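These are the residues of each chain, in order.
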Amino acid sequence: ASLKIEKIQVEHSNLVYNDLSIPILITTKDLDYLGKGDLSKAIFDLSSKIQTDSFDLDYDGKHYIGAKKLEASLVTKINTNSLQLFFEKNNLKINKLPVDFKGRFDFLSNGYNMDFRLISKQTNLADVFTALPPEYMSWLDSTEVNGYAEMDAYLTGKYIAEQNIMPSLGITMKVRDGFIANNHAPSPVKNLLLNFDTKLPSLNPHSLFIN
């Protein structure tokens, strides 16, 4: 026997994913999802469109993304034999920040193996700030931000909790002709140029590198 699912559709739903082993908590409100693909094949492409009015992400008890609008158009290759996910062509928008997402995710017998990359090219610096954690948003309300920005982030490696094996995180950012003016500052920051590079091998804070 075989089962072929031609379409998966979810409308106006609330979703909570709470994985205590990682530990990660994802909460979405008013989620719309439309997925298409031939799920009867061992290896198939799943095309997805996702939109949610509120997306929250907590990692290890810390709030990183709060109440952000999320739009995504995704193409995911799924291998049901090896339990591998390949994220091949994925366009996301976190609030106003456009992001290209690519990578791979493998389910292991005792954990996960991942290789994720987020790239945002030729965007406005103000759009980057709209994706920041919620504690910075009140500051942004009274601030004018402008300029050219690029961001590149990766999360790669194995996650095996029982062996204390963690993936590595890296973020680079470029800013050109940056302008930041706040109501409480006597003068704005003009002509800001930034080349920022940080690495966190094995998610170990004692190995943090910043340039």
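The numbers attached to residues start from 1 for each chain and follow its sequence in the written order. This being a predicted model, a pLDDT of at least 70 is required before a residue's local features are given, and a value of 80 or more before pairs of side-chain atoms are given or counted; all residues contribute to the totals for chains, interfaces and linings. To obtain the side-chain values, all non-hydrogen atoms of the structure were used and water was disregarded.

Undergrad: How should the overall build of the protein be read in this particular structure?
TA: Per the convention used, a helix needs a DSSP run of H or I reaching at least four residues, while a strand needs a run of E reaching at least two, with both numbered from the N terminus. When you go through the protein residue by residue, the secondary structure sums to two helices and 11 strands. Along the protein, helices (α) and strands (β) appear in the sequence β-β-β-β-β-β-β-α-α-β-β-β-β when read from the amino end. Along the longest, intermediate and shortest principal axes, the C-alpha atoms of the protein span 70 × 40 × 30 Å. The rule is simple: take the accessible area with a 1.4 Å probe, protein chains only, and divide by the maximum for that residue type; under 20% is buried, over 50% is exposed, in between is partly exposed. Out of the 211 residues in the protein, the part that is buried amounts to 34%. What makes two residues a contact is simply this: any of their non-hydrogen atoms within 4.5 Å. Taking contacts inside the protein between residues at least 6 apart in sequence as the whole, the part at least 24 apart equals 45%. Charge assignment in this entry is limited to Lys and Arg as positive and Asp and Glu as negative, and neither His nor the chain termini are counted. Here the site of a charge means NZ on Lys, CZ on Arg, CG on Asp, or CD on Glu. Where the 22 positive side-chain charges of the protein centre and where its 25 negative ones centre are 5 Å apart.

Undergrad: Could you clarify how one ought to interpret unusual backbone geometry in this entry?
TA: For residues that are not glycine, phi is negative in most cases, and the peptide bond is trans in most cases. Of note, aspartate 30 is a non-glycine position whose phi angle comes to about 55°, a positive value. Note that aspartate 30 resides in strand β2 (residues 24–36). Overall, aspartate 30 belongs to the partly exposed group, its relative accessible area being 29%. Positive phi is not limited to glycine here, since asparagine 191 has a value of about 55°. Here asparagine 191 lies in strand β10 (residues 189–200).

Undergrad: Got a minute to help me understand the side chain of aspartate 56 in this structure?
TA: With respect to the helices, strands and loops of the structure, aspartate 56 is situated in strand β3 (residues 43–59). Any Lys or Arg side-chain nitrogen located within 4 Å of an Asp or Glu carboxyl oxygen qualifies as a salt bridge. For the buried aspartate 56, no salt bridge is present, and the opposite-charge side chain at shortest range is lysine 29, 6.1 Å distant. In protein, a polar contact means a hydrogen-donor-capable atom and an acceptor-capable atom, both N or O and within 3.5 Å, with residues adjacent in sequence counting only if both atoms are side-chain atoms; elsewhere, any N or O pair within 3.5 Å suffices. At 3.2 Å, the side chain of aspartate 56 and the backbone nitrogen of alanine 67 are in polar contact. Not counting chain neighbours up to four residues away, the residues in contact with aspartate 56 comprise Leu25, Ile26, Thr27, His63, Ile65, Gly66 and Ala67.

Undergrad: Explain the pattern of salt bridges to me, please; I cannot follow it from the model alone.
TA: According to the stated counting rule, one finds five salt bridges in the structure shown. With its nearest N and O atoms 3.0 Å apart, the salt bridge here joins arginine 104 to aspartate 106.

Undergrad: What is the right way to look at the side chain of threonine 198 in this model?
TA: If you trace the backbone, threonine 198 turns up in strand β10. A distance of 2.9 Å separates a polar side-chain atom of threonine 198 from the backbone oxygen of phenylalanine 209. Not counting the four nearest positions on each side in its chain, threonine 198 is found in contact with Leu169, Gly170, Ile171, Leu208, Phe209 and Ile210.

Undergrad: Looking at this structure, I do not really get the nonpolar core. What am I missing?
TA: A general tendency of soluble globular proteins is for nonpolar side chains to be buried together. Counting residues in hydrophobic clusters, the biggest one holds 29 residues, and the most contacted among them are Leu92 and Leu125. At the level of elements, β3, β4 (62–79), β5 (84–94), β6 (97–107), β7 (112–124), α1 (125–129), β8 (143–159) and β9 (168–182) are the ones that each hand at least two residues to this core. Among buried residues, those of type Ala, Val, Leu, Ile, Met, Phe, Trp, Tyr and Cys that are joined through side-chain atoms within 4.5 Å constitute a nonpolar core.

Undergrad: Whenever I open this one, the packing of aromatic side chains confuses me. Can you help?
TA: The geometry of two aromatic rings is summed up by the distance between their centres and the angle between their planes. Any two rings among Phe, Tyr and Trp, with Trp reduced to its six-membered ring, count as a pair given centres within 6.5 Å; such a pair is stacked if its planes are under 30 degrees apart, edge-to-face if over 60, and tilted if neither. Taken as a whole and assessed by the stated rule, the structure comprises eight aromatic pairs. With 5.6 Å between their ring centres and 50° between their planes, phenylalanine 101 and phenylalanine 116 make a pair best called tilted. In this pair, phenylalanine 101 is assigned in strand β6 and phenylalanine 116 in strand β7, connecting sequence segments 15 residues apart. Take phenylalanine 101: its relative accessible area is 15%, and that puts it in the buried class. An angle of 35° between the planes, with centres 5.2 Å apart, marks the rings of phenylalanine 105 and tyrosine 112 as tilted.

Undergrad: For this particular structure, what's the right way to read a nonpolar patch on the surface?
TA: On the surface, a cluster of nonpolar side chains totalling about 180 Å² of accessible area is made up of Ile5, Ile8 and Val10. The residue valine 10 is located in strand β1 (residues 7–19) in this model. Nonpolar side chains (Val, Leu, Ile, Met, Phe, Trp, Tyr) within 5 Å and like charges within 9 Å form the patches, drawn only from residues with over 30% relative accessible area and no salt bridge. Surface accessibility in these figures is a Shrake-Rupley result with a 1.4 Å probe; residues are shielded only by whichever protein chains are displayed.

Undergrad: How do you make sense of the environment of threonine 123 when you look at a structure like this?
TA: Turning to its location among the elements, threonine 123 is positioned in strand β7. Accessibility expressed as a relative area gives 6% for threonine 123, which makes it buried. When the C-alpha positions of threonine 123 and methionine 151 are compared, they lie 8.9 Å apart, and in sequence the two are 28 residues distant. Beyond its immediate stretch of four places on either side in the chain, threonine 123 contacts Leu97, Pro98, Val128, Gly147, Tyr148 and Ala149.

Undergrad: Quick question: what am I supposed to make of the sheet that holds β9 here?
TA: The strands that make up a sheet are held in pairs by hydrogen bonds between backbone atoms, and each pair lies either parallel or antiparallel. Strands are treated as partners if at least two bridges between them are detected by DSSP. The sheet built from 11 strands is open, its strands ordered β1-β2-β3-β4-β5-β6-β7-β8-β9-β10-β11 with antiparallel pairing. Both edges of this open sheet fall to β1 and β11 (209–210), since each of them pairs with a single strand only. For β1 and β2, the ladder comprises 10 bridges, and the chain directions are antiparallel. When the bridges of β2 are listed, leucine 15 appears paired with threonine 28.

Geometry only, nothing functional implied.
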